[in-house]
Amino acid sequence: VFNHPYFIFGGILYATSLLLYVNVLSEVRLSVAYPFIGFTYVFVVIASGLILDEEITPTIIAGVLLIFLGVSLLGAGINS
């Protein structure tokens, strides 16, 4: 299981995202950077549909849109 290509690729992506996030935190306030982790859920849904051919139902789309809206509102409220 640990030498499956998806597992290795996922580990590489996870390590890369961790390094990028630590770099972002050194430049940006946590209150600005943290809400954007919510976008991870959006990317996972898109990737699962495209790569793993999982079914994306209208309920899942509605949930993703709510996450996108929530993160956008948090991001817009940072400068206020």
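Note that the structure is a prediction, hence the values are computed from the model and not measured.

**Remarks on the overall build of the protein**
Then comes step 1: If you tally the helices and strands in the protein, you get 4 helices and 0 strands.
Then comes step 2: The linear arrangement of helices and strands in the protein, starting from the amino end, is α-α-α-α.
Then comes step 3: Against the globule reference of 12 Å for 80 residues, the protein gives a C-alpha radius of gyration of 15 Å, more extended than a compact globule.
Then comes step 4: Considered along the principal axes of its C-alpha atoms, the protein spans approximately 45 × 35 × 15 Å.
Then comes step 5: Within the span of the protein, comprising 80 residues, buried residues form 12% of the whole.
Then comes step 6: Carbon and sulfur atoms make up 75% of the accessible area of the protein, which amounts to about 6500 Å² in all.

**A word on the nonpolar core**
Then comes step 1: Judged by nonpolar contacts, Phe-39, Val-42, Val-45, Val-64 and Val-71 together constitute the single largest core of 5 residues.
Then comes step 2: Of all the secondary-structure elements, those providing two or more residues to this core are α3 (39-50) and α4 (58-77).
Then comes step 3: Look past the residues within four positions of Val-64 in its chain and what remains in contact with it is Val-42 and Val-45.

**Considering the side chain of Ser-48**
Then comes step 1: By the secondary structure assignment, Ser-48 is in helix α3.
Then comes step 2: Take Ser-48: its relative accessible area is 12%, and that puts it in the buried class.
Then comes step 3: With sequence-adjacent residues up to four places away left out, Ser-48 is seen in contact with Asp-53 and Glu-54.

**Structural notes on unusual backbone geometry**
Then comes step 1: One non-glycine residue, Asp-53, lies in positive phi territory at about 55°.
Then comes step 2: The topology assignment puts Asp-53 in the loop between α3 and α4.
Then comes step 3: The exposed category is assigned to Asp-53, whose relative accessible area is 66%.

**Focus on a nonpolar patch on the surface**
Then comes step 1: On the surface, a nonpolar cluster with roughly 700 Å² of combined accessible area is contributed by Tyr-6, Phe-43, Ile-46, Leu-50, Ile-51 and Leu-52.
Then comes step 2: If you tally residues by element for the nonpolar patch, the top one is α3, at 3 residues.
Then comes step 3: Here Leu-52 lies in the loop between α3 and α4.

**Remarks on the packing of aromatic side chains**
Then comes step 1: Summed over all chains, the structure comprises 2 aromatic pairs.
Then comes step 2: Taken together, a centroid distance of 5.2 Å and an interplanar angle of 70° make the contact between Phe-2 and Phe-7 edge-to-face.
Then comes step 3: According to the relative accessible area criterion, Phe-7 is partly exposed, its value standing at 44%.
Then comes step 4: On the numbers, 5.5 Å between centres and 50° between planes, the contact of Phe-39 with Phe-68 is tilted.

Calculation notes
- Residues numbered from 1 in each chain as written.
- Predicted model: local features only at pLDDT ≥ 70, side-chain atom pairs only at ≥ 80, totals over all residues.
- Heavy atoms only, no water.
- Helix = DSSP H or I, 4+ residues; strand = E, 2+ residues; numbered from the N terminus.
- Rg over C-alpha atoms; globule rule 2.2 N^0.38 Å.
- Buried < 20%, exposed > 50% of the residue type's maximum accessible area, 1.4 Å probe, protein only.
- Areas by Shrake-Rupley, 256 points an atom, 1.4 Å probe, with all protein chains shown as cover.
- Core = buried A, V, L, I, M, F, W, Y, C linked by side-chain atoms within 4.5 Å.
- Contact = heavy atoms within 4.5 Å.
- Patch = residues over 30% accessible without salt bridge, like charges linked within 9 Å, V, L, I, M, F, W, Y side chains within 5 Å.
- Salt bridge = Lys/Arg side-chain N within 4 Å of Asp/Glu carboxyl O.
- Phe/Tyr/Trp six-rings, centres within 6.5 Å; stacked < 30°, edge-to-face > 60°.

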